[in-house]
Every structure is written in structure tokens, then in C-alpha cells.
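Here is what each chain is made of, one letter per residue.
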Amino acid sequence: MCAALAQDGGTRENWPHYGGRESAWRYSELSQINATNIKRLVPVWTFQTGDYMGGLQSTPLVIDGVMYVSTSRNRVFALDAASGKEQWQYVYTPQDSAGLIYGPWNRGVAVAGGLVYMGTIDNHVVALDQKTGRETWKVNVEDMKQCGCNITAAPLVVKDKVIVGVTGGDSAHRGYVTAYHAATGRLAWRFWTIPGPGEPGHETWEGDSWKHGGGSSWMTGSYDAALNLVYWSIGNPAADFWGGNRKGRNLYTDSVVALDADTGKLKWYHQQIPHDVWDFDTAYENVLVDLPVKGAMRKLLINVNKSGVTFVVDRTNGQVVNAFNLVKHFNWIKGVTETGELVGRNEPIVGQTMLICPAIGGGRSWNHAAFSPKSKLFYTTALEWCQNVTAQTEQAREGETYFGGAFVMKDPPGEKSYSHLDAIDPVTGKAAWTYRSKYPLLASVLATAGDLVFTGDPEGYFFALDARTGRKLWSHQTGSGNRGSSISYAVNGRQFIATPSGWGSAVAGLMAQLWPEAEHFRTGSSVVAYALAEESR
Amino acid sequence: MTALLLIVSAAWAQDGAKVFQQSCAVGYCHGTAGSANRAPRLAGRDFDRTYLLRVVEKGVPNTAMPGFQGKVKDEDLRAVVEYVLTLGGGARPVAAAPVAAAGQAAPKNLPGKELFFDPVRGTRCGTCHLVEGMGTAAGPNLAAKPDITAGDIERARSPHVETATFAGDRFPALVVSRKDGWVKLYDLTVAPPVLRTLPEGSVTFGPGTWAHGQAAGSYRSGELEKIAEYLRSLAKQ
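All values reported here derive from a predicted model rather than from experimental measurement.

Caption draft 1: Focus on the overall build of chain A. Scanning chain A from N- to C-terminus turns up 2 helices and 38 strands. The C-alpha radius of gyration of chain A comes to 21 Å, within 12% of the 24 Å expected for a compact globule of 537 residues. Based on the C-alpha atoms only, the size of chain A along its principal axes is roughly 70 × 50 × 50 Å. Taken over 537 residues, chain A has a buried fraction of 70%. Residue pairs in contact within chain A that sit at least 24 positions apart in sequence constitute 61% of those at least 6 positions apart. Distance between charge centres in chain A, computed from 48 positive and 50 negative side chains, equals 4 Å.

Written out as C-alpha cells, the structure reads:
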């Protein structure tokens, strides 16, 4: 028996944040829909956004019965969350839409203080009136042609600030996390992910390599109000596959950084991969959970690295509590120690073609895991695939791609590529169950108090598993592959589950090399909402 | 004549393979030999040469395909087109060799242009001015000033910047438009400028006190000389 969790990270009527709550559990306390009655779960409305190119990667938010959903090209819709009826829409006109290195896609908005915030495909941030969708302010973070970056992640609102990250890890670019005053759009602070001259950590970069060293901040951070810390994941150094001109640890790439929410000052960092040459970003969600470790409650942060290696750290100081690997097929390292040290690095060699596992698409992609305080399990997808990498030297060209190599997707030795969703103990990594999928699982996971785990697959099936056993209980064909993040909410006492449907993304694009039929998987862009049929409630 | 063209094409295609390897095969884009990643598969497809060249030069609007005109030499763009044409199933070119050894010259910019867009500075000219399609168009167009000098930049007056008062907050503002009861203005309190839309009746305006020198202060006068030289060169184009 362990003590009841003091922490409250679950959502209820509303789904107010990208990750559910600022602790990013993607867990709903609602249990009207549960493992016993899920057979009676039916679609109750579908909303077509019309903006289908690139699919739909969004996490819809729901606040007081209104759903806010953003699309690949930064259209934003406010919908009646019970009926799907449109209340307003906002159409964004980019300054210049040709030549996006990343995108077009968008992973969601933030809503607070009467405004709806969104990062854009051309690296702006906009704030919209929550009632009407009228643009209230707009700011150019940095010219996207210059940084070779833009914003695909949902912003994070913390108190009176809106915080955004940028893409750019595969460009000749120096990354940052930026906070704006939420009411006015005025710059509040910026944390450069690569220290400049005279700053601690600058010595971990060779010569001028820091100026174009990547370190993007392309997913949404988490926030611990008690510690007043924002946790952000910093992506890979550039060039991705070649590090010959950036000898050193390359701080703070491939690190989780803890920033003071008011000033953006670095409180601590934990670098997962010093001097990365595999494009294994630390980019994904930081799940903040308090759990017992060896008898003592600890404030933990769980982060899945793109390689599939998962780091559990003490979120008060960044000290590693445990590290473990989600994937079976890996050879980029021989292993990782409990203290998070990588053992036996297998680095790409310039001019040689080497089989590296997992592939650049990751041992997991950015689609989120979920944590259930009820089962105390962490539900995450994982990908088993490899690639032939040929590293090459490369000259940085500001704002242009800076990859240092090319790759061809390959199956793992002796096996066809596949994917799985695992229910694991978040501290030990020990699996309670595993669900196997033919194709990569690239949609986020949702866990609910109804003992359910939801996710979707590339063929368009949105499905529910028993959170305790992994047994498939229900599925529904949504019309297009799932690459977004499902949520749960309630309106007037009725629980809903909603999922984006719409196939696309960079990683989805890699699939055709391994599964030729995937080249013709249909795209789309819709939100499908489900509830128990009225008479069966 | 035809034979000569074929030879030229073949030579170009080999050069194009190198360009393709560095600019097109990389990352999540077209993949090694056009085998497809995020970007469309190019191998095994028939393309029209004119179409390909247009796409390579101009990009495809609203997609991740950038226009490479001005970023990659024209002859390299033509070479890459010849290479892509060979991927249609005809003669395979030799495998692409690693290229661009470290130290190879990057496209050379005028020092003034680098200063104008210097990413290391918190505030640079490009934070408020749009030139050559980059930056933010809050400040005036600087690409049509054939006689601009460093002194002009240092001493620039900003007669259009007013002091706005909204909800008890006073700030330097540059009005962009007034329409249907809404005023659009750039809030210049801190860089970057914020384009705000406020209800017209609730904003009052007074004489401006903002000085351009505050924004240009991160540059030394020698650097301003180089920036002025760059701007003069734009005006002559």
C-alpha cells in the first residue's frame, strides 16, 4: 500500500491544458464511460475543419462547454462541445507560407484570461478573443526564413505569461524558449537553449558552432506551481548526424531544463545525451508525478527521450532516479545505467552507411504518454524500426536545413518493424502489459478513471484498451489515420471522449519506406466526439 | 546536337546528385535518391523538366517545399532537376558522394546584411524592418533609400510614433489602421513590436517621445556604416 497521491493532475469537466493539466498526465477523473459500459460508446458528432493537408495533430481544449481546436494552417475553431456546432472561426494569414521547414501542422492552443493563444507556421504568436475569435495581438518571434523555424506546439500559459517553444533542431539555428506578457504580447523573457559567450556551458561548444547548434524547443513544457518551475525539453544539436565541428557536450541540447517561471532563469538541467549525433531529441512531454521511491515520496519528472530511453528525475533538482529503455531494438548505445549514463555509444561515421536502431522517427514519437493515478501506470507508445544512416560533413547555412547526413528506413534485424503501447511502472519501467500494433502508433494516449486507455492508429481506428489488462474493448473507424491527441470532458453531466482524425506528419511520411501501402493512407482533418448513447446512461 | 545535350545532361545529373544529397535528401525531406520521407517520393515518377525547375526555384506555396532560387546557385538548381529526371527509371546516376567539406565557402553576404539580421543581438534592424522579404514590416521601408548614411540611422526621427494610453497603460505606438471601430497599432514598448488590435474609443494618443536611437543602440557606429552601405546597395538593385 502506498500513500494516496497528494497531487491532483487529473481533468474533470474541462480539458484546460494541452497535457490535460500543467502536470501533463493526460488523465481524466471522469468515469461515466468505463470498462463495463464502453460497448455502448457511440459517435455523437463529427466536425470537419476543411484544413486537411498535413492532417490534424491538435489537442482540442474544452472550457465551460466550448471546444477550441486549431488546425495545420492555424485555423482556430470554437465549437459547442456537446453538439459540435461552430461558434466562431479564425483564419490566419501567414506572412509568407512558402518554404516551411517544419509543418504545416499545429498541435494546439492555450486558453486563459479570456484569450486563446496559438503559435503559427511562420513563427508568430497570436492571441484571440475567447468569445469572438478576433485577433487581439500578434508578434513575430523571429523571421522564420532566418531561423529556419516556426511554432507547431501549443503554448503554455503560466500565471500572467504565455510561453512558446520553436522548431528548428534540424536547421542551422540557435534555439530558445520565449515568454510574452499574456495580456499585451510584450516580450517578458527569453531562455537561449545554447549559452552565449561568457555564459556557463558555452565552453561545451567548439568555435562558432553554438550559433547554429540547434537546440529547438518544439513541444510544450509543464509547470509545477509549488516550485514555480517551468520544465521544457530541448531538442537535438545540429547538424543532426554529424558533430565533427561541435566537439563537446553541447549544452543544453538533449536536456530537460527547469526555468524560473517569472524570469526564465535556469534552475537546473539534466542532459540526457551529451553530444548527440543520432537526432535523438529530448523534446517530449515532461510528466510531473509524485511517487514513492524506495519508501520515500519523491517529486518526479518522467521524460521519454526520442530514442525510447526514459529518464525519471527528481524535479526539484534534476537528479536521476532511474533510466530504462522502452524499445527492444536499439544499437545506438549498448545500454543505459540506473543513473542515466549512456554506455557503448555507436556513432555514425562520415561516409559510411550504418544500420542504426531505432530510426530517426524515434523509439517513440512526440505523441504523449498518459499517467493514471488509479492504476499508477504510465501508458506510452514505442516504435521498433531502424535506418541506414550515412553521415556527411556539412556547412551551416543560417535558417537552412542542417542535417549532416541522410537515411533510409530499414526493418530491425530478423523482424518486421512494428509498434507497441506499454503500460509500465513509471519508476522501474517494468511492463504490466503490452499491446502490439502492426503500424506505428503515433497518436497520444488518454487514460481515464473509467479504467480505460484510448489511442488511435494510422488506419483510422480510434480504440480503447482496458487500463488494467491491455485487452481491446472498443474501436471506431474515424475515417483517417490518428496523429493527434484525444481528450475527455463533460457537458451538463454527460461525459465525452473526443479525438482528432487526420493522417500526416514527418514521421508518418517515413512509413512508406517500410510499408509501401502507407504512401496512400488518406489524410483528413476532423474531430470526432463520442458519448454513451442517451438511453443507456 | 542531341548527343551533346545528353552528355551535358549526364554531367549535370552527376553534379545534381551531390546537390540533391545535401539539399533535398536530408532530414525528413525527399530521402536518399528520392525514396520519399515526409516529402513526396521522387523516384520512379515522370516529371516535366520545366515543372521541376519551377518548383525547385519557387517552392510550393503552403507546403514545406521551399524555393531555392537565390539560396543555391542557378546551375546547381538545373543540375538537381537533371538528377531528379534520372530517378524516373532511366539511367541511375552514381551514388551521391558526401559533399561540402567543412570550410567550403558559404554564400557570402554583405557584412551589413549580417548585422541587419544578426541573430545574436536581442534587437536588430530586422526586428522592426522588412527588407528582402525578411523581418517585420513595422518600421518604414528601408530598401528605397539610395543615400542613407550611418548618421541618418543614428539620428532617425520617428514622427509617426505616438504615445498611446490604453487601460491606464502608456506606451509608444505606431498606428497601422483604423477600421470598424478598431485601431491596429504596433506597441513598441519592448522589441519585438507587438501588433495589437484595440477598441478605438478606449485608446487615446499623445505626442511621441520614442527615439529610434533606443532600438539602434546595440550597434556601434562602424557597424551602422556597414548597414547603411547594405541599404544603399538594395536601393540600387
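So, next bit.
Caption draft 2: The packing of helix H2 (residues 49-58) of chain B against helix H3 (residues 74-86) of chain B, seen in detail. All names here are of chain B. Between H2 and H3, the least distance of the axes is 10 Å, while the angle of their chain directions is 130°. Looking at the two axes, H2 sits oblique to H3. Crossing angle aside, the handedness with which H2 passes H3 is right-handed. Of the residues in H3, those in contact with Arg49, Leu52, Leu53, Val56 and Glu57 of H2 are Leu77, Arg78, Val80, Val81, Glu82, Val84 and Leu85. Of the residues belonging to the contact of H2 with H3, the class tally is 8 nonpolar, no polar and 4 charged.

Caption draft 3: Focus on the pattern of salt bridges. In total, this model carries 30 salt bridges over all chains according to the counting rule given. Notably, a salt bridge pairs Arg73 of chain A with Asp51 of chain A, separated by 3.0 Å at the nearest N-O pair. Separated by 22 residues along the polypeptide, Arg73 of chain A in the loop between strand S4 (66-70) and strand S5 (76-80) and Asp51 of chain A in the loop between strand S2 (41-48) and strand S3 (61-63) bring together distant segments of the chain. Owing to a relative accessible area of 16%, Arg73 of chain A belongs among the buried residues under this scheme. You can call Asp51 of chain A buried: its relative accessible area is 7%. Between Arg49 of chain B and Glu82 of chain B there is a salt bridge; the shortest N-O distance is 2.8 Å. Note that Arg49 of chain B is positioned in helix H2 and Glu82 of chain B in helix H3, a separation of 33 residues in sequence. Here the salt bridges share partners, and the residues they tie into one network are Arg186 of chain A together with Asp169, Asp187 and Arg196 of chain B.

Caption draft 4: Geometry of the pairing of strand S12 (residues 161-165) of chain A. All names here are of chain A. Of all the 5 residues making up S12, 5 are buried; the element is thus mostly covered by neighbouring parts of the structure. The two faces of S12 match: Lys161, Ile163 and Gly165 on one face and Val162 and Val164 on the other face are all buried. When strand S11 (residues 156-158) meets S12, the two strands line up antiparallel, connected through 3 bridges. Note on S12: the bridge partner recorded for Val158 is Lys161. Between S11 and S12, which follow one another and run antiparallel, lie 2 residues, and Lys159 among them has a positive phi close to 50°. With 5 bridges connecting them, S12 and strand S13 (residues 176-181) associate as antiparallel partners. Each bridged residue has a counterpart across the sheet, and for Val162 the counterpart in S13 is Tyr180.

How each quantity is defined
Residues numbered from 1 in each chain as written. Chains lettered and ligands numbered in written order. Predicted model: local features only at pLDDT ≥ 70, side-chain atom pairs only at ≥ 80, totals over all residues. Heavy atoms only, no water. Helix = DSSP H or I, 4+ residues; strand = E, 2+ residues; numbered from the N terminus. Rg over C-alpha atoms; globule rule 2.2 N^0.38 Å. Buried < 20%, exposed > 50% of the residue type's maximum accessible area, 1.4 Å probe, protein only. Contact = heavy atoms within 4.5 Å. Lys, Arg positive; Asp, Glu negative; His and termini not counted. Charge placed at Lys NZ, Arg CZ, Asp CG, Glu CD. Axes fitted to C-alpha atoms, helices over the stretch in contact; angles between N-to-C directions. Parallel < 35°, antiparallel > 145°, perpendicular 65-115°, else oblique. Left-handed = near helix turned anticlockwise from the far one by under 90°. Nonpolar A, V, L, I, M, F, W, Y, C, P; charged D, E, K, R; others polar. Salt bridge = Lys/Arg side-chain N within 4 Å of Asp/Glu carboxyl O. Pairing = 2+ DSSP bridges.

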